[in-house]
Amino acid sequence: MRKKIYKAAHDDAPDLKDQIKSSDIYLQYMDSTQKQPQKRPLVSPIRMAYGGAFALLLLALFIVGPFDTEATYSQFYIEINPSIEAQINEDDDVIGVEALNEDGTDLIAALGNIHGMDVDEFVDLLVAEAINLKFIDDDEEHLIIFDVISDNVELQERHAKRVNEALDRAQEMRANVHHLRGLGGAPTELERELSETYNLSPMHLRLIGIILAEDESLDFEDLADLSVGELRHLLDETKDYGGPNYRGPRHPFDDDDNGMPGGRPDFVPDMRQ
């Protein structure tokens, strides 16, 4: 009897869920919901992906780009007795200067602010201050050695030409001042040792090396006591000792296995105090 009562109750119970779904209110709600446009995200995932990739590309160009560009400056070396190195940019302006010996430090101090100075004006000022400081005087001849080095060959030779022309003007004003293009650049280990031992600048030392390579009858010790002006008279003035046309080694003292030009295996530097 109990089972019959439960069965009857179950069969007669209304399905509330079906009644709700079939009601007018529910049907109107569902109809209005389906007609409303769906909200889209402010930034789509695809746009975010493209934007991130573009940002990474810009960052890579910013970091890597400067190291891949061709050199836009040259290194200008000059030996008056003061020895200095200057950097010249592609606009022919001086952007830095460094002393290579004690006299070079004194000369740079006398120059004042040279940043942004045109290379012609800079060379004129160098010579003028060298005269004021008595590095150049009228009682003896002087030889100025210079060189310009750059990874950009066109820039290198343009700056070398301008320096040479400026020194030509200096020679017209002072007949006892001569110049030639020598061999600039960072010294090798042997050159540093010899420079310190004999108190010679690298360009002065290389001038001695060139002469030794040309004349094996000469002695290093004797040449080390000569000024660059005195060494000039031992050079062949018909030759080009610097620049792209010079066929000799940039570092004459590393030209052979012995490290000494002209083949001098028995040479032992006099370690002067």
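All of these numbers come straight from a predicted model, not from anything done at the bench.

### What to know about the overall build of the protein chain
- A tally of regular secondary structure across the protein chain gives 11 helices and 5 strands.
- The buried share among the 273 residues of the protein chain stands at 37%.
- Partitioning the intrachain contacts of the protein chain with sequence separation of at least 6 by distance along the chain shows that 59% fall at a separation of at least 24.
- A total accessible area of about 17600 Å² is found for the protein chain, and carbon and sulfur atoms account for 53% of it.

### Concerning helix α8 (residues 189-198)
- Along α8, the residues classified as buried are Glu-191, Leu-194, Ser-195, Thr-197 and Tyr-198. In an axial view of α8, the angular spread of the buried residues amounts to 165°, which keeps them on one side of the axis. Turned more than 90 degrees from where α8 packs its buried face, Glu-189 and Glu-196 sit exposed.
- Each element contacted by the buried residues of α8 is listed here: α9 (202-214) and α10 (220-224).
- Positive phi shows up at Asn-199, right after α8, with a value of about 55°.

### As for the pattern of salt bridges
- One pass over the full model with this rule turns up 12 salt bridges.
- With its nearest N and O atoms 2.9 Å apart, the salt bridge here joins Asp-118 to Arg-162. A residue pair is termed long-range when its members are at least 10 positions apart, and Asp-118 in the loop between α5 (102-111) and α6 (119-132) and Arg-162 in helix α7 (residues 153-173) qualify at 44 residues.
- The class for Arg-162 is buried, based on a relative accessible area of 18%.
- For Arg-181, the salt bridge is made with Glu-157, and the minimal N-O distance between the two is 3.1 Å. Here Arg-181, found in strand β5 (residues 177-181), pairs with Glu-157, found in helix α7; they are 24 residues apart in sequence, far enough to count as distant.
- Glu-157 gets classed as partly exposed once you look at its relative accessible area, which sits at 26%.

### Some points on the environment of Gln-171
- Relative to the helices and strands, Gln-171 resides in helix α7.
- Residue Gln-171 is classed as partly exposed on the basis of its relative accessible area of 28%.
- Not counting residues within four places of it along the chain, the set of residues in contact with Gln-171 comprises Val-177, His-178 and His-179.
- Side chain to side chain, Gln-171 and His-178 meet in a polar contact 3.3 Å long.

### Some remarks on the nonpolar core
- Core analysis: the biggest nonpolar cluster contains 28 residues, and Phe-76, Ile-78, Phe-122, Leu-126 and Ile-144 have the highest contact counts within it.
- Listed by contribution, the elements that provide at least two residues to this core are β1 (73-79), β2 (83-89), α5, α6, β4 (142-149) and α7.
- Of all the elements, α6 adds the most residues to this core, at 6 residues.
- Not counting chain neighbours up to four residues away, the residues in contact with Phe-122 comprise Phe-76, Ile-84, Ala-86, Val-94, Val-97, Leu-111, Ile-114 and Met-117.
- Core analysis: the second largest hydrophobic core is formed by 25 residues, Leu-194, Leu-207, Ile-211 and Phe-253 among them.

### Concerning the pairing of β1
- In terms of residue burial, β1 counts as a mostly covered element, since 5 of its 7 residues are buried.
- Across 7 bridges, β1 lies against β2 in antiparallel orientation. Its bridge partner being in β2, Ile-78 is matched across the sheet by Ile-84.
- The turn joining β1 and β2, which pair antiparallel and follow one another in sequence, is formed by 3 residues.
- Where β1 and β4 come together, 5 bridges link them in antiparallel fashion. Counterpart to Ile-78 in the pairing with β4 is Phe-146.

Criteria and cut-off values
- Residues numbered from 1 in each chain as written.
- Predicted model: local features only at pLDDT ≥ 70, side-chain atom pairs only at ≥ 80, totals over all residues.
- Heavy atoms only, no water.
- Helix = DSSP H or I, 4+ residues; strand = E, 2+ residues; numbered from the N terminus.
- Buried < 20%, exposed > 50% of the residue type's maximum accessible area, 1.4 Å probe, protein only.
- Contact = heavy atoms within 4.5 Å.
- Areas by Shrake-Rupley, 256 points an atom, 1.4 Å probe, with all protein chains shown as cover.
- Arc of directions from axis to C-beta.
- Salt bridge = Lys/Arg side-chain N within 4 Å of Asp/Glu carboxyl O.
- Polar contact = N/O pair within 3.5 Å; in protein donor to acceptor, adjacent residues only side chain to side chain.
- Core = buried A, V, L, I, M, F, W, Y, C linked by side-chain atoms within 4.5 Å.
- Pairing = 2+ DSSP bridges.

Just distances and angles here, no functional claims.
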